[in-house]
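Now for the letters of each chain:
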Amino acid sequence: MNRADLSPLDVAGLRELLRAKEISPRDAIAALQARIAEVDPQIDAYLSLDVEEALRQADAVDVSLPLGGVPIALKDIISVAGQPCTCASKILQNYRALYDATVVERLKAAGAIVFGKTNMDEFAMGSSTENSSVKSTKNPWDFTRVPGGSSGGSAAAVAADAAFAALGTDTGGSVRQPAALSGVVGLKPGYGRVSRFGLVAFASSLDQAGPLTKTVRDAALLLWAIAGPDPRDSTCAKENAPDYLANLESDLRGTRLGVAREYMTDGIDPEVRAAVDSAVAHFESLGAEIVEVSLPHTEYAVATYYMIASAEASANLARFDGVRYGHRANKPRDLLDLYGRTREEGFGPEVKRRVILGTYVLSAGYYDEYYNRAQKVRRLIRQDFAKAFASVDALISPTTPEVAFRLGERSADPLRMYMADVFTIPASLAGICGISVPCGFAKTPEGTELPIGMQLLGKQLDEGRILQIANAYEHSTPWHKKRPPLAANVQHSTSNPPPPGTGSAVASVQL
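Residues numbered from 1 in each chain as written. Predicted model: local features only at pLDDT ≥ 70, side-chain atom pairs only at ≥ 80, totals over all residues. Heavy atoms only, no water.

> Please clarify how the sheet that holds strand E4 (residues 166-170) should be interpreted in this entry.
Pairing between the strands of a sheet comes from backbone hydrogen bonds, and it takes one of two forms, parallel or antiparallel. If you trace the eleven strands from one edge of the open sheet to the other, you get E1-E3-E2-E4-E6-E5-E10-E11-E9-E7-E8, paired in mixed fashion. Only two strands of the sheet have a single neighbouring strand rather than two, namely strand E1 (46-48) and strand E8 (289-293). Going from strand to strand, the sheet's axes swing by 35° on average, the running direction of each strand aside. One ladder, built from four bridges, connects strand E9 (residues 394-398) with strand E11 (residues 449-458); its direction is antiparallel. Counted as the bridge partner of Leu-395 is Leu-457 from E11. (Pairing = 2+ DSSP bridges. Helix = DSSP H or I, 4+ residues; strand = E, 2+ residues; numbered from the N terminus. Axes fitted to C-alpha atoms, helices over the stretch in contact; angles between N-to-C directions.)

This is how it looks when you write it as structure tokens:
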């Protein structure tokens with residue numbers, strides 16, 4: 001088979017060819033490497049590639065395994081032994097991980113080939129991937145717009161066929177929001193379903209790794225591979241993960257879906273509102289019953305999130321002090337000067353903003369007024385969802401209030417930037433699962449089409465249910481089949497792509 005035809009494949013399609021031995025894992029890597037060389041200079045999705053290690057894995061992999069021979073890209077906040085783990089921050093610019101994260105161990109055990117670290121907002125703090133200290137990733141649908149964040153590099157790579165699938169992390173929406181803005185599937189597992197061991201911590205009570213894929217089936221397959229108990233993470237659920245593919249093709253008869261009135265507000269872009277309304281009507285045509293529900297504390301979610309997440313970030317990022325690893329300031333006068341200048345030189349503006357805010361809300365005299373109060377509101381938000389799920393199987397909402405905004409448009413307005421996650425944050429605070437799937441497109445004044453995402457929310461560890469609902473919608477609509485002009489128009493290499501090279505990274509995407 002012509003290698004140039006491989007990069008548009010989803011994981012399921014690539015698996016079939018690998019198992020039939022129509023192609024080899026080396027063919028898959030070569031095709032992906034050629035595609036990255038073609039499109040990544042335009043979208044800047046990758047920070048590093050380790051081709052030699054990927055080829056070593058390819059030669060040893062058993063293609064009969066569930067993900068045997070499938071290359072998977074990783075957000076550069078996930079540790080892979082011997083590879084960079086920079087979090088897109090100057091403070092970790094030359095750091096290489098000493099061990100594999102649990103999700104990496106499990107991907108490898110399932111036969112996947114870890115290939116490429118993707119760009120992100122520094123330490124996962126942002127909604128646009130503009131906070132990377134290295135470069136800004138562009139949306140494959142329109143290079144003047146953001147791909148979302150903080151997992152924007154992973155989302156853009158999948159959307160541009162520069163990755164068959166990828167992992168990101170979701171703290172307040174950082175898998176679902178870029179999935180919506182880039183036109184791919186993004187799944188946030190319920191808190192505790194996937195181990196956080198080996199993920200550089202942003203906010204420990206919120207962080208979850210999750211897949212970004214071309215289809216819902218691929219998301220189910222990747223979640224099955226990475227989910228499950230882990231004794232190295234005390235917050236990981238003790239229950240074994242179910243077989244997410246077992247009931248994926250079930251129909252929606254008897255399913256009750258809730259629409260929260262607080263999520264369908266006047267501030268939503270009219271085209272986003274119309275697309276989600278159309279999706280709701282489509283679910284009815286598939287046999288689902290639509291029920292209006294209320295989540296009355298939604299309006300407090302964004303403020304609550306930034307109190308809690310910033311407080312946890314200030315504690316987690318205290319480890320970056322210039323003493324043990326990462327950047328160190330030159331010729332410090334004393335220990336305090338070492339700490340201060342190391343962080344001043346190493347952290348970007350958004351990270352500094354959140355660390356300062358978090359330190360403030362945890363300080364004596366303000367802890368009860370801000371942090372403790374935020375935790376109480378978090379409990380009320382969790383109770384809102386529990387009450388809603390007593391009467392419905394899942395909730396439907398827009399993933400984002402608007403389509404992808406322009407690069408630089410919100411850089412000077414943090415509060416407006418934070419509102420990009422207004423519909424994803426409540427689920428993160430409650431610890432429930434959520435998935436974003438494409439549900440339509442909006443036209444810009446310039447005539448560009450931009451994807452719209454619909455969010456499905458389920459109970460904490462009920463990922464199988466929302467995957468089944470999302471799969472029924474995906475199979476009966478055309479939205480997931482559309483590819484950005486970049487993916488459709490850029491000419492692939494011939495059957496003889498450039499040789500893999502001997503370096504550990506492709507020059508055009510090296511840090």
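> Got a minute to help me understand the packing of aromatic side chains in this structure?
What characterises a pair of aromatic rings is the spacing of the ring centres plus the angle enclosed by the ring planes. Under the counting rule described, the total for this entry stands at 16 aromatic pairs. Where Tyr-95 meets Tyr-325, the ring centres are 5.8 Å apart and the plane angle is 45°; that geometry is what we call tilted. Separated by 230 residues along the polypeptide, Tyr-95 in the loop between strand E2 (71-75) and helix H4 (102-109) and Tyr-325 in the loop between helix H9 (301-316) and helix H10 (335-346) bring together distant segments of the chain. A relative accessible area of 22% means that Tyr-95 is categorised as partly exposed. A relative accessible area of 31% means that Tyr-325 is categorised as partly exposed. Linked through ring pairs, Tyr-95, Phe-123, Phe-320, Tyr-325 and Phe-347 together constitute an aromatic cluster. The ring of Tyr-339 has Arg-343 sitting right over it, with the charged end atom 5.4 Å from the ring centre. The ring of Phe-441 is capped by Lys-482, whose NZ or CZ atom sits 4.5 Å from the centre of that ring. (Phe/Tyr/Trp six-rings, centres within 6.5 Å; stacked < 30°, edge-to-face > 60°. Buried < 20%, exposed > 50% of the residue type's maximum accessible area, 1.4 Å probe, protein only. Lys NZ or Arg CZ within 6 Å of the ring centre and 35° of its normal.)

> Before we go on, may I ask you to explain a nonpolar patch on the surface in this structure?
On the surface, Leu-357, Tyr-360 and Tyr-366 cluster together into a nonpolar patch covering about 240 Å² of accessible area. The topology assignment puts Tyr-366 in the loop between helix H11 (349-362) and helix H12 (367-389). Using a relative accessible area of 30% as the deciding quantity, one classes Tyr-366 as partly exposed. (Patch = residues over 30% accessible without salt bridge, like charges linked within 9 Å, V, L, I, M, F, W, Y side chains within 5 Å. Areas by Shrake-Rupley, 256 points an atom, 1.4 Å probe, with all protein chains shown as cover. Salt bridge = Lys/Arg side-chain N within 4 Å of Asp/Glu carboxyl O.)

> What's the story with the side chain of Asp-76 in this structure? I'm lost.
Examined against the element boundaries, Asp-76 turns out to sit in the loop between E2 and H4. On the basis of relative accessibility, which here comes to 1%, the residue Asp-76 falls in the buried class. In terms of polar contacts, Asp-76 uses its side chain to reach the side chain of Lys-117, at 3.0 Å. Not counting chain neighbours up to four residues away, the residues in contact with Asp-76 comprise Leu-47, Pro-84, Cys-85, Thr-86, Cys-87, Ala-88, Lys-117, Thr-118 and Met-120. (Polar contact = N/O pair within 3.5 Å; in protein donor to acceptor, adjacent residues only side chain to side chain. Contact = heavy atoms within 4.5 Å.)

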